[in-house]
Amino acid sequence: MNTESNSLVSRRELLRTGAGLLLTTALPLPGHAAGSNEYRIVAVPARARLAGAGRPETDVWAYDGTIPGSLVRLRQGEPARLVVENRLDQATTVHWHGIRLPNAMDGVPGLTQPPIKPGGSFVYEFTPPDAGTFWYHPHANSLEQLGRGLAGPVIVEERQPVIVDRDLLWFLADWRLTSEGGIASGFGNRMEAAMSGRVGNTVTLNGQVSEDEPVRAGERIRLRLVNGSLARIMALRFEGHRPLIVAIDGQPCDPHVPERHHILLGPAMRVDVMIDMQGEPGRRYGVIDDFYDGLSYLVTQLAYDGSPPVREHPLDASLDLPRNPLPEPDLAAIERHDLTLQGGMMSGMGGMQGGGMMHGMMGMVGSPTWAINGMSMSGDGHAGMEPALTFQRGRSVILTLRNETAWWHPMHFHGHSLAVLSRNGKPVPHRQWQDTVLMAPKDVVEVAFVADNPGDWMLHCHVMDHQMAGLMTVLRVA
Ligand code: C2O
Ligand code: CU
Ligand code: CU
């Protein structure tokens, strides 16, 4: 997906000429120029050719009828107005994942707004303080609604654009398709919910299985990666290339080479990389996901056209993105709290090889499978959820996150970005701020933030089955 504004227009043209999709406009409201901060977005059933030409179409639920949903492009520091219309036959909400916005705009049913009923609409209004790569998705019946396709990218533009040849976005998603091309049923399988969650069998890039993505020798690309999967974790390797991570979860960091040359992307995470295309004209280079042992697959290939390099030496421009106005925690006056993740299959019984299925079996008989600090909040969020922790507004906080389970968890915080201080006792370099912190089994991670955004904020695992089965809580900023 080319993220230039004019390509948005051409995408709309495509939509208009596409058969029967006329209702699915992603247009800014009438009378507003493309690239303004106003959008109308419709959640609607649609059909999509996920597995590529010649393969059956899939019935999906989609924003504006496209997979992924329309690109929402906003300007940093300027008020945005997003009208969401619900044409599904069940209630929904939209959560603007990673954007620090007022609590009433956060899209959590019951907790921050009434759900949007079928036929109804809701107006989201906020001013994005941070530039970067974000995304939007439902927070009602999230496992199924996200799993059937409701998700789309958000780009908040920097005030001063960085110099690159092309700014691209790859919205990655994982689907569990049947051989007829349908979305497999069985959302909320308890066994899966107690293990790695609903990992699918088909990974799409911008809504289709991708064979190759065209590039030119010598160009510098800013590539915005979004993992919009329900449960699939990715570890991307770029054959023959050296991507530099310049932002995580929308927040700029010090440009760096990814650890072990794999870009780790838990569900809901975003990573922006800069890549100088220094491969040979005419060649192809694999982009490979190596996360699951023995299950590597090709996400796509960088396909060089035959033309000579656009320049001899890599572009001589800064790789640093301008930092966002994040409040620095005051380490001298900090309060500390622990959040411990518990439960799942084989937990607390000697790890992966342990025979203990106790917690998992609890899940089998209907009680929540997961817990945070001994408490389980399950489902999607509702009124009257008691916060696990309450902070006075403006307090600096360090949270120690402990994963006592045998499973990976991308832990997501609403309303705030957090500085990741240390992992398993080792300082985390590169000044990384994140809203979604991927925790390996047994990891201990320290994060710090200023609790400056008042309201009740959800904190949950973004493996959707885990959230639904209890790996969720609420943090209150009073
Ligand atoms: Cu991306 Cu609570 O969500
Ligand atoms: Cu969020
Ligand atoms: Cu989890």
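This one's a predicted model, so the numbers in the text were calculated from it and none came from an experiment.

This part covers the coordination of the copper ion (ligand 3). Every protein donor of the copper ion (ligand 3) is listed here as His409 (ND1), Cys461 (SG) and His466 (ND1), and their distances to the metal cover 2.0 to 2.1 Å. Here the donor residues for the copper ion (ligand 3) map to a single chain with the spacing H-x51-C-x4-H. Pair noted here: His409 is in strand S24 (residues 409–413) and Cys461 is in strand S30 (residues 455–461), with a separation of 52 residues, a long-range link. For the pair His409 and Cys461, a shared accessibility class is recorded, and that class is buried.

In this structure, Pro68 follows Ile67 across a cis peptide bond, with omega equal to -10°. Looking at where Pro68 falls in the secondary structure, it is placed in the loop between strand S2 (58–63) and strand S3 (72–75). Here Ala268, not a glycine, exhibits a phi torsion of approximately 80°, which is positive. Relative to the assigned elements, Ala268 resides in the loop between strand S16 (263–265) and strand S17 (270–276). By relative accessible area, which is 0% here, Ala268 ends up buried. We note that Asn424 has phi near 50°; this positive angle belongs to a residue other than glycine. In this fold, Asn424 is placed in the loop between strand S25 (418–423) and strand S26 (426–427).

Right, let's talk about the coordination of the copper ion (ligand 2) for a bit. Listed as protein donors to the copper ion (ligand 2) are His95 (NE2) and His412 (NE2); their distances from the metal cover 1.8 Å. Taken together, the residues His95 in strand S5 (residues 95–97) and His412 in strand S24 connect sequence positions 317 residues apart. His412 carries the same exposure label as His95, and that label is buried.

The next subject is the nonpolar core. Val60, Trp175, Phe391, Leu399, Met411 and Val447 are the most contacted members of the largest nonpolar core, which has 59 residues in total. Those residues in contact with Phe391, other than ones at most four positions away along the chain, are Glu335, His337, Val397, Leu399, Phe449, Ala451, Leu475, Arg476, Val477 and Ala478. Within the second largest apolar cluster, 32 residues are counted, among which are Leu172, Val203, Phe238 and Val287.

Here six strands make up an open sheet; going across it, the order is S10-S9-S12-S17-S14-S15 and the pairing mixed. The two strands at the open ends of the sheet, each matched to only one other strand, are strand S10 (202–205) and strand S15 (251–256). The average angle at which neighbouring strand axes cross in this sheet is 25°, direction not considered. Relative to strand S12 (residues 220–227), strand S9 (residues 166–175) is paired through seven bridges, and the arrangement is parallel. In the sheet register, Asp167 faces S12, and the bridge partner there is Arg222.

Across the chain, the average pLDDT comes to 89, with 88% of residues at or above 70. Here residues 4–33 scores under 50 on pLDDT; set against residues more than four positions off or in separate chains, the count is 45 contacts. Segment residues 348–366 is flagged for pLDDT under 50; beyond a separation of four residues in sequence, or across chains, it makes 24 contacts in the model.

Turning to empty space enclosed by the protein, a few remarks are in order. This model, assessed by the stated rule, comprises seven cavities of 30 Å³ or more. Approximately 100 Å³ is the volume attributed to the largest cavity. Along its surface, the largest cavity is lined by 15 residues, and Leu146, Gly149, Ala173, Trp175 and Gly228 are the ones closest to its centre. Looking at the lining of the largest cavity, the elements with two or more residues in it are helix H2 (142–147) and S9. It is S9 that contributes the most residues to the lining of the largest cavity, four residues altogether. Its residues assigned to classes, the lining of the largest cavity comprises eight nonpolar, six polar and one charged.

Rules used in this analysis
- Residues numbered from 1 in each chain as written.
- Chains lettered and ligands numbered in written order.
- Predicted model: local features only at pLDDT ≥ 70, side-chain atom pairs only at ≥ 80, totals over all residues.
- Heavy atoms only, no water.
- Donors = N, O, S within 2.8 Å, 3.2 Å for Na, K, Ca; no water.
- Helix = DSSP H or I, 4+ residues; strand = E, 2+ residues; numbered from the N terminus.
- Buried < 20%, exposed > 50% of the residue type's maximum accessible area, 1.4 Å probe, protein only.
- Core = buried A, V, L, I, M, F, W, Y, C linked by side-chain atoms within 4.5 Å.
- Contact = heavy atoms within 4.5 Å.
- Pairing = 2+ DSSP bridges.
- Axes fitted to C-alpha atoms, helices over the stretch in contact; angles between N-to-C directions.
- pLDDT = per-residue confidence, 0-100.
- 1 Å grid on protein atoms, 1.4 Å probe; cavity = no way out; pocket = protein on both sides within 12 Å on 5 of 7 lines; lining within 4 Å.
- Points joined across faces, edges and corners; volume = space filled by probe spheres on them.
- Nonpolar A, V, L, I, M, F, W, Y, C, P; charged D, E, K, R; others polar.

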